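Structural features, examined
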Amino acid sequence: MRSSKWRKRRALRCTRQRKSPRDVTQGRHPTAAERRWAETTLTRALEQHPEKPIGAPTGINLDEHGEARFTTLSGRPIRRLYTRADLPEDWSEEKYLGYPGQAPYTRGIHPTGYRGKLWTMRQFSGFASPEETNERYQYLLASGSHGLSVAFDLPTLMGYDSDHAFAEGEVGKCGVAIDSLEDMEILFQGIDLEKITVSMTINSPASVLWAMYLAVAEKQGADWKKISGTLQNDILKEYIAQKEYIYPPAESMRLVVDTFEFGSRYTPRFNTISISGYHIREAGSTAMQELAFTLYDGVEYVEWARKRGLDVDEFAPRLSFFFNAHNDFFEEIAKYRAARKIWYHVMKDRFGAKNERSWLLRFHTQTAGVSLTAQQPIINIARVAIQALAGVLGGTQSLHTDSYDEALALPTAEAARTALRTQQIIAYESGVANTIDPLGGSYFVEHQTLEMEQAALKYFAQLDAMGGMVKAIEHGFPQKEIAEASYQYQRAAEAREKVTVAANEFVIEEESPQTLYIGDAVGKRQCEKLKSLRHRRDNHAVRKALDALKHAAAMTPTAGTGGQVSEANTMPFILEAVKAYATVGEICQALREVYGTYEESAFT
Amino acid sequence: MANENRIRVLVAKPGLDGHDRGAKVIARALRDAGMEVIYTGLRQTADMIVNAALQEDVDVIGLSILSGAHNAIVPRVTELMKQQKMDDVLVLVGGIIPDQDIPALKAAGVSGIFQPGTSMDTIVQFIRENVKPRGVTA
């Protein structure tokens, strides 16, 4: 016999059932067990302790019913709990993930993950003169860095010599000043370019700096077929985000395709481009925008190379990518996993690539410079560790960890070493490199990965409708999308809806730390070196090489045949010019005379 | 129609650097705070900035510099402003400015320097409190 007390309790439970949290059943089909959990355990807990948003209980942190809302860094709502009910009904490992090293590569491009080879620890570095930067490179290599990554100063990035009026006050400040082949020789003195891989963050003048690099390698006696490294060479994200462009888009794209063709013929192990979301994210985009715009930039490069007549499987294996690692741990991991899958489908289905290497999205990751606080800078070490871990769990091929003092200045040697040590702790102590894609199969991570993919493909459709990325840039579309996202984030941060430790919460009074200070002496020294070079070199040979370059640059290239590059490919002419010790500024000026320059409308 | 009581601000991005996230966010925040904002776009020389400020008859010039070139650029702007007798225009600098450079920039005529992590609200308040009163109008 059941007591009346029991019946009462049961009746009470029934009323509670009607009050079960609406978000559990809205738009999803939980199992009976999950439903029971929601109606009983969860409902009771919510009655006793309502959920509280992380950050101020306003704006983005409240849903339409005035209840706590939890969102990613990019503002996407996140559920309380993810279960099988959050994956598509037909979801299965085989159908949606595949295995590592197998299509669609969601779980990684290597069948052995990091067990065969760890990611490359590659620290971005460069400041002041080539001499000082060479010293820093030797230090980083001695500290256990696997590869180098060159940061150039703004005059170099913009194609001006150190003695140009526009370079005043800028020489050696944001990176190393490189004016001529002589500087490049100093930069890599004592570094064996056949053994060390080098990445170069250079875009508009990419072919010029690459030619200098190849000339140094040649002088060292290194075989071009063996050298490996990465040229950033991603001009589209310059128009979209970082704004270091010189020539108009079509002409810039032609120079990029010239490097694809040259690389596919002569430097088969060199990545001729690093298609970069990093800068798009730093400019304030969301994670989805970073993913979508970056991969679509990749589509645009392939389209332009195919228009030239290049075979997709010839150059696509040397396309590489570069993503940001920001604060929202799972959102970032989902982004990398989705990126691999999308790129596989793009290459195979959209472009008909047959070479498996063309399908693989290989990427470098850098932790988010923009996330670092100038306040209590030492805590940035913790931020960087979390971000770097996301990159590793997302399956990155190489990684740069930011130094803790980078919100204030270029890093000191000690800060740079600490950043490298952070990666080493992840690699050698944490155990995360033991197994492949350890988060694969997590309901949350798989759901996020699918959401990322869907959001990116939605942008793809929009960009296709606009006629491609160059057209979209001319309309200011990605620029405006990013500016809007950036402002929304800043607004949420000002309202403390999004918390930044040390900047808008947990603030203390403090002294500024010691940082690296780069004075103006390097500018004077570079100017003196240029003056002497212009006096010593064969100026007739320089003039001849620049004229030949201008002639080629004015022609319309079609793909070369018989293992040769097009007669109009600018790379061989740029190589001749750098070997004659023509400067970065002189070569870029020659191209400016042919192509003109670009100015964007000021979008705010 | 321009409202005569509105504070007019020129947000400028001098030097070679193209990192314009901060400039754009500030431009929008000042606009949302009721100010008239003119954003110059990238790579403005000191001449271009001072000319634009004169043309637009602004009360405030905000320079966004992240590249470390402030010691070369800022004194050039303030010098040109002196030549043009623009003593009533407030000059602000935002960006990555090392502490040790602040005294020289202030001596050159900069009223406010905003380092990384400054809130938009702080800048809005600073402008409201420090903007110089307009000359007597007819």
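Cut-offs used in this document
Residues numbered from 1 in each chain as written. Chains lettered and ligands numbered in written order. Predicted model: local features only at pLDDT ≥ 70, side-chain atom pairs only at ≥ 80, totals over all residues. Heavy atoms only, no water. Helix = DSSP H or I, 4+ residues; strand = E, 2+ residues; numbered from the N terminus. Rg over C-alpha atoms; globule rule 2.2 N^0.38 Å. Areas by Shrake-Rupley, 256 points an atom, 1.4 Å probe, with all protein chains shown as cover. Lys, Arg positive; Asp, Glu negative; His and termini not counted. Charge placed at Lys NZ, Arg CZ, Asp CG, Glu CD. Domains from an automatic or database assignment. Contact = heavy atoms within 4.5 Å. Buried area = accessible area lost by both parts, 1.4 Å probe. Salt bridge = Lys/Arg side-chain N within 4 Å of Asp/Glu carboxyl O. Polar contact = N/O pair within 3.5 Å; in protein donor to acceptor, adjacent residues only side chain to side chain. Nonpolar A, V, L, I, M, F, W, Y, C, P; charged D, E, K, R; others polar. Axes fitted to C-alpha atoms, helices over the stretch in contact; angles between N-to-C directions. Parallel < 35°, antiparallel > 145°, perpendicular 65-115°, else oblique. Left-handed = near helix turned anticlockwise from the far one by under 90°. Patch = residues over 30% accessible without salt bridge, like charges linked within 9 Å, V, L, I, M, F, W, Y side chains within 5 Å. Buried < 20%, exposed > 50% of the residue type's maximum accessible area, 1.4 Å probe, protein only. pLDDT = per-residue confidence, 0-100. Pairing = 2+ DSSP bridges. Expected span 1.5 Å × (residues − 1). Bend = angle between axes of the 7 residues up to and from the residue. Phe/Tyr/Trp six-rings, centres within 6.5 Å; stacked < 30°, edge-to-face > 60°. Lys NZ or Arg CZ within 6 Å of the ring centre and 35° of its normal.

A closer look at the overall build of chain A
Helix and strand counts for chain A come out as 24 helices and nine strands. The C-alpha atoms of chain A give 26 Å as radius of gyration, which agrees with the globular expectation for 604 residues (25 Å, within 12%). Principal axes of the C-alpha set define a box for chain A whose edges measure 110 × 60 × 45 Å. Accessible surface, chain A as shown: approximately 24,800 Å² in total, 53% of it carbon and sulfur. One way to put it: in chain A the 72 positive side-chain charges average out to a point 10 Å from where the 77 negative ones average out.

Concerning the domain arrangement of chain A
Structurally, chain A comprises domain 1 (1-50) and domain 2 (93-115 + 143-152 + 189-494). Put simply, the middle of domain 1 of chain A and the middle of domain 2 of chain A, counted by C-alpha atoms, are 47 Å apart.

Examining the interface of chain B and chain A
Counting residues at the interface gives 37 residues for chain B, matched by 40 residues for chain A. Taken together, the two surfaces of chain B and chain A that pack against each other cover about 3,000 Å², and 52% of this comes from carbon and sulfur. Inspection of the region where chain B meets chain A yields three salt bridges. The closest approach of N and O atoms between Glu-168 of chain A and Arg-76 of chain B, which form a salt bridge, is 2.9 Å. The interface formed by chain B and chain A holds 17 residue pairs in polar contact (both at pLDDT 80 or more) in total. It is helix α1 (residues 21-32) of chain B that contributes the most residues to the side of chain B that touches chain A, eight residues altogether. Classifying every residue of the side of chain B that touches chain A gives 13 nonpolar, twelve polar and twelve charged.

Some details on the packing of helix α2 (residues 46-56) of chain B against helix α3 (residues 70-83) of chain B
Helix-helix packing is described using two parameters, namely the angle between the two axes and the distance between the axes. Residues and elements named next belong to chain B. Remark: α2 packs on α3, axes separated minimally by 9 Å, with the N-to-C direction vectors making an angle of 45°. In this view, α2 runs oblique relative to α3, as classed from their interaxial angle. Between α2 and α3 lies a crossing of right-handed hand. Contact residues: α2 offers Ala-46, Asp-47 and Val-50, while α3 offers Arg-76, Val-77, Leu-80 and Met-81.

Some words on a nonpolar patch on the surface
All names here are of chain A. A surface patch of nonpolar side chains, about 260 Å² in accessible area, is lined by Val-499, Val-501 and Phe-506. Inspection of the secondary structure puts Val-499 in the loop between α20 (477-494) and α21 (521-536). On the basis of relative accessibility, which here comes to 35%, the residue Val-499 falls in the partly exposed class.

Brief notes about the confidence of the model for chain A
Reading predicted coordinates in detail is not appropriate for stretches of low pLDDT. With 96% of its residues at a pLDDT of 70 or more, chain A shows a mean pLDDT of 94. In this model residues 11-18 of chain A is a low-confidence stretch, pLDDT under 50, and it forms six contacts with partners more than four residues away in sequence or in other chains.

A look at the sheet that holds strand β5 (residues 112-114) of chain B
Residues and elements named next belong to chain B. Within the open sheet, the five strands sit side by side as β2-β1-β3-β4-β5. Their pairing is parallel. Both outer strands of the open sheet, β2 (36-39) and β5, are each paired with one neighbouring strand and no more. Here the strands of the sheet are splayed against their neighbours by 20° on average, with no regard to which way each runs. By the bridge criterion, four bridges tie strand β1 (residues 8-12) to β2 in an arrangement that is parallel. Directly across from Leu-10, in β2, lies its bridge partner Ile-38. Against the sheet, helix α5 (residues 120-130) touches β3 (60-65), β4 (90-95) and β5, its axis set at about 165° to β4.

Some words on the pattern of salt bridges
Residue and element names in this part refer to chain A. All told, the structure shown has 49 salt bridges over all chains when counted by the stated rule. For the salt bridge of Glu-132 with Arg-525, the shortest nitrogen-to-oxygen distance reads 3.1 Å. Linking Glu-132 in helix α5 (residues 130-142) with Arg-525 in helix α21, this pair joins segments that are 393 residues apart in sequence. Here Glu-132 falls in the partly exposed class, since its relative accessible area comes to 30%. Between Glu-303 and Arg-350 there is a salt bridge, and its shortest N-O distance comes to 3.7 Å. With Glu-303 in helix α12 (residues 287-308) and Arg-350 in helix α14 (residues 329-350), the pair connects residues that are 47 residues apart, well separated along the chain.

Side note on helix α3 (residues 32-48) of chain A
All names here are of chain A. For α3, built from 17 residues, the straight-helix expectation of 24 Å at 1.5 Å per residue is met to within 8% by its first-to-last C-alpha distance of 24 Å. Roughly 35° is the biggest bend found in α3, and it falls at Leu-42. Among the residues of α3, those classed as buried are Glu-34, Ala-38, Glu-39, Leu-42 and Thr-43.

Digging into the packing of aromatic side chains
Within the structure shown, the criterion is met by 31 aromatic pairs over all chains. Relative to Phe-166 of chain A, the ring of Tyr-160 of chain A has its centre 5.3 Å away and its plane inclined at 90°; by these criteria the two rings are edge-to-face. Between the aromatic rings of Tyr-336 of chain A and Phe-363 of chain A, the centroid separation amounts to 5.1 Å while the plane-to-plane angle is 15°, which identifies the pairing as stacked. Of this pair, Tyr-336 of chain A sits in helix α14 while Phe-363 of chain A sits in strand β8 (residues 363-367), and the two are 27 residues apart along the sequence. Every member of this aromatic cluster is reached through a ring pair, and the members are Phe-188, Trp-210, Tyr-213, Trp-224, Phe-262, Tyr-266 and Phe-270 of chain A. Residue placement shows Lys-307 of chain A over the ring face of Trp-304 of chain A; its charged tip is 4.3 Å from the ring centre. It is Arg-43 of chain B that lies over the ring of Tyr-245 of chain A; its NZ or CZ is 5.5 Å from the centre.

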